[in-house]
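Examining the three-dimensional arrangement
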Amino acid sequence: MLFCPIIGTTSDYFFVLLAIFANHTTVSSHRRIFIGELIGNAILIFFSLLLACVLKFVPDEWLLGLLGIFPILIGIKGLVVKESETEKIKSSDTHLIRDVVVLTLTTCGADNLAIYIPLFANMNFFYLPAVLIMFLLLLSLVSLMALKITAIAAVSQILNRYEGLFQLIIYSILGLYILLEAGTISHLLALF
């Protein structure tokens, strides 16, 4: 239950990391990339938690489930609109941490907020430390995988070619999960 949203957000970010690691090959660059992505994701999680706290005051849980529509829309957008992540990445290592933070916020911000906010709004905050540890572990694992896969040209070409389809499938599953978990679908069906 907990892993579904975490895997969804990290899988999308995986494609961004492939492009970043492909353009920066030194060990010092890899450290900067890792630090930048941690800072960027920490900012996204912080703002998601703030908004989730505000949404806790919404009286009916099924209303919060409507936020599950946003990941589905983002998945559809990813299939229709093609953006090249490599065009957004600077080739210089001078400000790499800053560039990765900005890249994380701009390319993954809306996606992650659309998933994190409903997750945190519907979650008991008792589980927050476990969720944050899982985020850190999975982000680290995804970074390491992206780093290793960039060495395999054929695999990264396939992933980049079908990025929109993968994104649509993952976000649609996440959105439906949020709608089902909050009882929104059953509530809407009961209206008819």
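What this report covers is the structure whose coordinates are included nearby. What you see is a predicted model; the values in this text were computed from it and never measured. (Residues numbered from 1 in each chain as written. Predicted model: local features only at pLDDT ≥ 70, side-chain atom pairs only at ≥ 80, totals over all residues. Heavy atoms only, no water.)

Re the overall build of the chain
- The helix and strand inventory of the chain stands at nine helices and zero strands.
- Its helices and strands in sequence order give the chain the pattern α-α-α-α-α-α-α-α-α, from N to C terminus.
- The long-range share in the chain, meaning contacts at least 24 apart out of those at least 6 apart in sequence, stands at 87%.
- Of the roughly 10,200 Å² of accessible surface on the chain, a fraction of 74% belongs to carbon and sulfur atoms. (Helix = DSSP H or I, 4+ residues; strand = E, 2+ residues; numbered from the N terminus. Contact = heavy atoms within 4.5 Å. Areas by Shrake-Rupley, 256 points an atom, 1.4 Å probe, with all protein chains shown as cover.)

Some thoughts on the packing of aromatic side chains
- With the rule as written, the count across this model stands at five aromatic pairs.
- Measuring from centroid to centroid gives 4.9 Å for Y116 and F135, while their planes differ by 55 degrees, and the two rings are tilted. Here Y116 is found in helix α5 (residues 96-121), whereas its partner F135 is found in helix α6 (residues 128-149), with 19 residues between them in sequence.
- Overall, the relative accessible area of 1% leaves Y116 in the buried class. (Phe/Tyr/Trp six-rings, centres within 6.5 Å; stacked < 30°, edge-to-face > 60°. Buried < 20%, exposed > 50% of the residue type's maximum accessible area, 1.4 Å probe, protein only.)

Comments concerning the packing of helix α2 (residues 27-55) against α6
- It is at 11 Å that the axes of α2 and α6 come closest, and there the two elements cross at 150 degrees. Every pair of crossing elements has a handedness; the one defined by α2 and α6 is right-handed. Of the residues in α6, those in contact with H30, F34, E37, L38, N41, I45 and L49 of α2 are L128, L132, F135, L136, L139, S140, S143 and L147.
- Looking at the contact of α2 with α6, its residues break down into 10 nonpolar, four polar and one charged. (Axes fitted to C-alpha atoms, helices over the stretch in contact; angles between N-to-C directions. Left-handed = near helix turned anticlockwise from the far one by under 90°. Nonpolar A, V, L, I, M, F, W, Y, C, P; charged D, E, K, R; others polar.)

Describing α6
- If you check α6, its first and last C-alpha atoms are 31 Å apart, about what 22 residues at 1.5 Å a residue would give, namely 32 Å.
- Every buried residue of α6 is accounted for by L128, V131, M134, F135, L138, L139, V142, S143, A146 and I149. In an axial view of α6, the angular spread of the buried residues amounts to 165 degrees, which keeps them on one side of the axis. Pointing more than 90 degrees away from the buried face of α6 are the exposed residues I133, L137 and K148. (Expected span 1.5 Å × (residues − 1). Arc of directions from axis to C-beta.)

A look at the pattern of salt bridges
- In total, this model carries one salt bridge according to the counting rule given.
- Between R98 and D99 there is a salt bridge, with its nearest N and O atoms 3.0 Å apart.
- Judged by its relative accessible area of 16%, D99 is buried. (Salt bridge = Lys/Arg side-chain N within 4 Å of Asp/Glu carboxyl O.)

Regarding the environment of P118
- The residue P118 is located in helix α5 in this model.
- P118 sits 64 residues away from A182 along the chain, and the two C-alpha atoms are 9.3 Å apart.

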